[in-house]
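# Structural overview
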Amino acid sequence: MQLESMYQEIILDHYRNPHHKGLRDPYDAEVHHVNPTCGDEVTLRVRLDGDDVADVSYDAMGCSISQASASVMADLIIGRPVKDAMNTGDEFLKLMKSKGQLDPDEEVLEDAVAFTGVSKYPARIKCALLAWMAWKDATAKAMEAQA
Amino acid sequence: MTDDGRLDLSNIDDLINERTKIVALAHQSNVLGTVNPIREVTAKAHAAGALVLVDGAQSVPQMPVDVRELDVDFYGFTAHKLCGPTGIGVLWGRRELLEALPPFLGGGEMIETVAMERSTFAPPPHKFEAGTMPIAEAAGLSAAIDYLRDVGLEEIHTYEHELLDYALSQLREVEGLRLLGPADATDRGGALSFTLDGLDGREIHPHDVSQVLDAHGVAVRAGHHCARPLHRRFGITASTRASLYFYNTRAEVDALADGLRQTQKFFGTA
């Protein structure tokens, strides 16, 4: 059924038990992003260690898609070089814009491939991207501060 | 606001005082359905020397409205909530007030004479209708009004009231549903906003509720419905809203209640 194709078990798992949730100190930058159409909000902090993502901590209020996406994202990028993480973010954005037509690269996206079905529901794409946009913003701010 | 979604008028004499210039309020809430006591507020405002502007977007489609009986100074509504097209609305105002107001938009039709040094302006309503008007939209609005008059605003109000009563009783039976706004149909219109908890007690986000309902053929709105401060007042960020109109039926209310139970099953913990 259509619903199951979007609400994959992985997504529901991350929704019920989000990984890396909570705002932690110390951090290099913090941002607050909102999806005004539906009331999803996320406060996200980034801590860098040289060129690596040392920690991503967040507090989010929102739908299952936005919460699960934040959790999956944190899993994917913590401990990895910023450049790799940005690349993964770009791949995820591509997947979200694909209208269900793209076969996702599981090597790069790992659990995030579970969100493939979301790309068929335009109203939910922003939900899946919210955390990623917040992380990109926070990272840009953190790197600017470093420079 | 009171906890049951009515205007808290206990301190109205402090809120509306000699420094108040204009009191603006909605006739009927698009979130809570509450019908506000316009005459009471207007009396207070006028006693304090203030003007009253009422937003009737939700009320005009659902009940007969008499602006003179309400004694208000300005009253507005939109076409797209009364079976009309988008892009057009109506502002009613007392003639002497409209005559006193300056134009806000310049252009053809709103002028009387135009010179290099100054211009004079047409009387209301043309003073406020500069340029080519949305003619197609106006024709659509006129047709919508004729249609509703044909159906009968009293009839619409009565039918909606009965359907609302039924809907409130059905939603009361859905465990984990928390209705915003008045729990009974008195002085209440057909907007039903609510939060929904799953069978495990965790709230199911309105966006997810609307997604499952959509899969079951029921269309609702999720979010804060252009009323974020109101949602904050009730301690939430978003709600799901089902709104009734005279074309809805009891069977559709049943489908909504059923869909909500399906939603709770879908998000139930394994």
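Per chain, residues are indexed from 1 in the order of the written sequence. As they are written, the chains are lettered A onward and the ligands numbered 1 onward, keeping that order. Two thresholds apply to this predicted model, a pLDDT of at least 70 for residue-level local features and 80 or more for giving and counting side-chain atom pairs, whereas whole-chain, interface and lining totals are computed over all residues.

Time to look at unusual backbone geometry. The amide bond that connects Asp-25 of chain A to the next residue, Pro-26 of chain A, takes the cis arrangement and shows omega of -5 degrees. Structurally, the position occupied by Pro-26 of chain A is in the loop between α2 (9-16) and β1 (29-35). That bond from Pro-124 of chain B to Pro-125 of chain B is cis: its omega, 5 degrees, falls within 30 degrees of zero. Secondary structure follows DSSP: runs of H or I at least 4 residues long count as helices, runs of E at least 2 residues long count as strands, and numbering of each begins at the N terminus. By the secondary structure assignment, Pro-125 of chain B is in the loop between β6 (119-121) and α5 (135-151). One non-glycine residue, His-225 of chain B, lies in the positive phi region at around 55 degrees. Along the chain, His-225 of chain B falls in the loop between β10 (221-223) and α8 (228-233). For Cys-226 of chain B, which is not glycine, the phi torsion reads 60 degrees and is therefore positive. Along the chain, Cys-226 of chain B turns up in the loop between β10 and α8. Residue burial here comes from a neighbour count, namely the number of other C-beta atoms, placed from the backbone, that lie within 10 Å of the residue's own C-beta, with 20 or more meaning buried, 12 or fewer meaning exposed, and in between meaning partly exposed. Given 9 C-beta atoms within a 10 Å radius, Cys-226 of chain B is considered exposed.

Bringing the domain arrangement of chain B into the picture now. All names here are of chain B. The domain architecture assigned to chain B consists of domain 1 (12-151) and domain 2 (153-266). Residue ranges labeled as domains rest on an automatic or database domain assignment. Domain 1 and domain 2 are separated by 29 Å when their C-alpha centres are compared. When residues are sorted by character, Ala, Val, Leu, Ile, Met, Phe, Trp, Tyr, Cys and Pro go into the nonpolar class, Asp, Glu, Lys and Arg into the charged class, and all the rest, Gly among them, into the polar class. Residues of the side of domain 1 that touches domain 2, tallied by class, amount to seven nonpolar, seven polar and no charged.

Okay, the sheet that holds strand β3 (residues 52-61) of chain A next. Sheet strands associate in pairs through backbone hydrogen bonding, adopting either a parallel or an antiparallel arrangement. Residues and elements named next belong to chain A. What the three strands build is an open sheet, ordered β1-β2-β3; its pairing is antiparallel. A strand with exactly one partner marks an edge of an open sheet, and here the two such strands are β1 and β3. When the angles between neighbouring strand axes are averaged without regard to direction, this sheet yields 20 degrees. The criterion for strand pairing is that DSSP finds at least two bridges linking the strands in question. Judged from the seven bridges that link them, β1 and strand β2 (residues 40-49) form a sheet pairing that is antiparallel. Among the inter-strand pairings, Glu-30 is bridged to a residue of β2, identified as Arg-45. The sheet strands contacting helix α3 (residues 64-77) are β2 and β3, and the helix crosses β3 at an angle near 170 degrees. Every axis corresponds to a line fitted to the C-alpha atoms, with the helix fit spanning only the stretch in contact, and the corresponding angles, defined between N-to-C directions, vary from 0 to 180 degrees. Placing a C-beta atom from the backbone of each residue, one calls two residues in contact when those atoms lie within 7 Å.

Once that is clear, we can look at the pairing of β3 of chain A. Residue and element names in this part refer to chain A. By the bridge criterion, nine bridges tie β2 to β3 in an arrangement that is antiparallel. Note on β3: the bridge partner recorded for Val-46 is Val-56. The turn joining β2 and β3, which pair antiparallel and follow one another in sequence, is formed by two residues; a positive phi near 70 degrees is taken by Gly-50.

Here the focus is the pairing of strand β1 (residues 22-26) of chain B. All names here are of chain B. Pairing analysis gives five bridges linking β1 to strand β2 (residues 51-55), with the strands arranged parallel. Pairing of Ile-22 across the sheet is with Leu-51, part of β2. Think of it like this: strands point away, you trace from the first strand over the helix to the second, and a clockwise trace means the crossover is right-handed. Running through helix α2 (residues 38-47), the crossover from β1 to the neighbouring parallel element β2 is right-handed.

Residue and element names in this part refer to chain B. A sheet is described by the order of its strands in space; here four strands give the open sequence β1-β2-β3-β4, paired in mixed fashion. With one partner strand each, in any of the chains shown, β1 and β4 (89-93) form the two edges of the open sheet. For this sheet, the mean angle separating the axes of adjacent strands, direction not counted, is 15 degrees. Bridge count between strand β3 (residues 74-78) and β4: five bridges; the pairing is antiparallel. In the sheet register, Phe-77 faces β4, and the bridge partner there is Val-90. Sitting on the sheet, α2 touches β1 and β2, and the angle it makes with β2 is about 155 degrees.

Take the nonpolar core next. For soluble globular proteins, nonpolar side chains are generally found buried alongside one another. One finds Val-42, Leu-44, Val-56, Met-73, Ala-131, Ala-134 and Trp-135 of chain A to be the most contacted residues of the largest nonpolar core, which totals 68 residues. As used throughout, a nonpolar core is a set of buried Ala, Val, Leu, Ile, Met, Phe, Trp, Tyr and Cys residues joined through C-beta atoms within 7 Å of each other. In terms of nonpolar packing, the next biggest core, distinct from the first, is built from nine residues, Val-41, Ala-45, Val-54 and Val-72 of chain B among them.

Residues and elements named next belong to chain B. Taken N-terminus to C-terminus, the directions of helix α7 (residues 206-215) and helix α9 (residues 250-266) make an angle of 115 degrees; their axes are 9 Å apart at the nearest point. Judged by the sense of rotation from one axis to the other, the crossing of α7 with α9 is right-handed. Residues Val-209, Val-212 and Leu-213 of α7 form the contact with α9, whose participating residues are Gly-259, Gln-262, Thr-263 and Phe-266. Whether a crossing is left-handed or right-handed is set by the direction in which the near helix is turned from the far one by less than a right angle, anticlockwise for left-handed and clockwise for right-handed.

Before going further, it helps to examine the interface of chain B and chain A. At the interface, twelve residues of chain B touch twelve residues of chain A. Every element with two or more residues in the side of chain B that touches chain A is listed here: α7 and β10 of chain B. With four residues, the single largest contributor to the side of chain B that touches chain A is α7 of chain B. Within the side of chain B that touches chain A, the residues separate by chemical class into five nonpolar, six polar and one charged.

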